[in-house]
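Okay, here's what each chain looks like letter by letter:
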Amino acid sequence: QGGFVVTGFDPVVAYGNEIYDLLDDYPEQYASTYGIINIPDYLGTTPVIGIKAEMFEDVDYIGKVSLSRNTVYLGDEVFRNCKNLTEIDFNGATLEKLPNYAFYNTKLQSIELPDTMETLGAYSLSNTYLRSIELPDSLTKLESHALYGNTIKDIDINNVTFASYGRIKIED
């Protein structure tokens, strides 16, 4: 599938030889409020399909992220160490894998994964504040320490056929 991938934090995206500054060119779609990152569904008529690895790593002021509904790709460590990130809205994105370290060391307390999610990458949701998580029926693989360092009250892992758990603490 063709489309834009967010590749710069200015925030800038590149498409072919053209570069777009999202805040200057599309401010109403991208950054509606301080601390909220809105990835637009389209730039012009071209869908925004992903975010490159480490794109928002260590950005402390992000509190909420709303992804493009066209998102099929997130790079490794995309939101790693976003210490104030409490909310992610997938907006119906069709991601099949949550990448390695995607939300490592954030303040997510709950997450609703897309129905298309098949794999939680290594450390993808580790060291967050997760208390609840609903795993979609499509999820069959938990990679190393995907949920490490959380105190989860409610989880159903019946569909998982491969898991390298690390440690998960599940409270009664």
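Refer to the structure printed above.
Note that the coordinates shown come from a computational prediction; the quantities given were computed from them, not determined experimentally.

(A) The arrangement of the overall build of the chain in detail. Broken down by element type, the chain carries two helices and 17 strands. When burial is assessed residue by residue, the chain has 47% of its 172 residues classed as buried. In the chain, 27% of the contacts between residues at least 6 apart in sequence involve partners at least 24 apart. Accessible surface computed for the chain: about 8,500 Å², of which carbon and sulfur atoms make up 42%.

(B) Focus on the side chain of Thr119. Secondary-structure assignment places Thr119 in strand E12 (residues 119-120). Leaving out residues up to four positions away in the same chain, Thr119 has contacts with Glu96, Lys97, Leu98, Leu139, Lys141 and Glu143.

(C) Molecular detail of the sheet that holds strand E7 (residues 64-66). Taken together, the three strands give an open sheet; going across it, the order is E4-E7-E9, and neighbouring strands pair in parallel fashion. The open sheet has two edge strands with one neighbour each: strand E4 (36-38) and strand E9 (87-89). Taking each pair of neighbouring strands and ignoring which way they run, the sheet shows an average axis angle of 5 degrees. Pairing geometry for E4 and E7, over three bridges, is parallel. Opposite Ile36, over in E7, you have Lys64 as the bridge partner.

(D) Geometry of the packing of aromatic side chains. For the structure shown, the criterion picks out five aromatic pairs. Ring centres of Tyr101 and Tyr123 lie 4.9 Å apart, and the angle between their planes is 10 degrees; this geometry places the pair in the stacked category. Of the two residues, Tyr101 is situated in the loop between strand E10 (97-98) and strand E11 (110-112) and Tyr123 in the loop between E12 and strand E13 (132-134); the sequence distance between them amounts to 22 residues. Look at Tyr123 and you get partly exposed, because its relative accessible area is 22%. Members of the aromatic cluster, connected to one another through ring pairs, are Phe56, Phe79 and Phe103.

(E) Fine view of unusual backbone geometry. Positive phi, normally seen in glycine, also occurs at Asn105, with a value near 60 degrees. Note on placement: Asn105 falls in the loop between E10 and E11. Classification of Asn105 by relative accessible area gives partly exposed; the value is 27%. One non-glycine residue with positive phi stands out, namely Tyr123, at about 55 degrees.

(F) Just the pairing of strand E6 (residues 46-51), in detail. Counting buried positions over the six residues of E6 gives six, a clear majority of the element. As paired elements, strand E5 (residues 42-43) and E6 share two bridges and run antiparallel to each other. When the bridges of E6 are listed, Tyr42 appears paired with Pro47. If you look at the hairpin formed by E5 and E6, you'll find two residues sitting between the two strands, and Gly44 has a positive phi there, around 65 degrees. Examined bridge by bridge, E6 and strand E8 (residues 73-74) share two bridges and lie parallel to one another. By the bridge assignment for E8, Ile51 is matched with Leu74.

What counts, and at which threshold
- Residues numbered from 1 in each chain as written.
- Predicted model: local features only at pLDDT ≥ 70, side-chain atom pairs only at ≥ 80, totals over all residues.
- Heavy atoms only, no water.
- Helix = DSSP H or I, 4+ residues; strand = E, 2+ residues; numbered from the N terminus.
- Buried < 20%, exposed > 50% of the residue type's maximum accessible area, 1.4 Å probe, protein only.
- Contact = heavy atoms within 4.5 Å.
- Areas by Shrake-Rupley, 256 points an atom, 1.4 Å probe, with all protein chains shown as cover.
- Pairing = 2+ DSSP bridges.
- Axes fitted to C-alpha atoms, helices over the stretch in contact; angles between N-to-C directions.
- Phe/Tyr/Trp six-rings, centres within 6.5 Å; stacked < 30°, edge-to-face > 60°.

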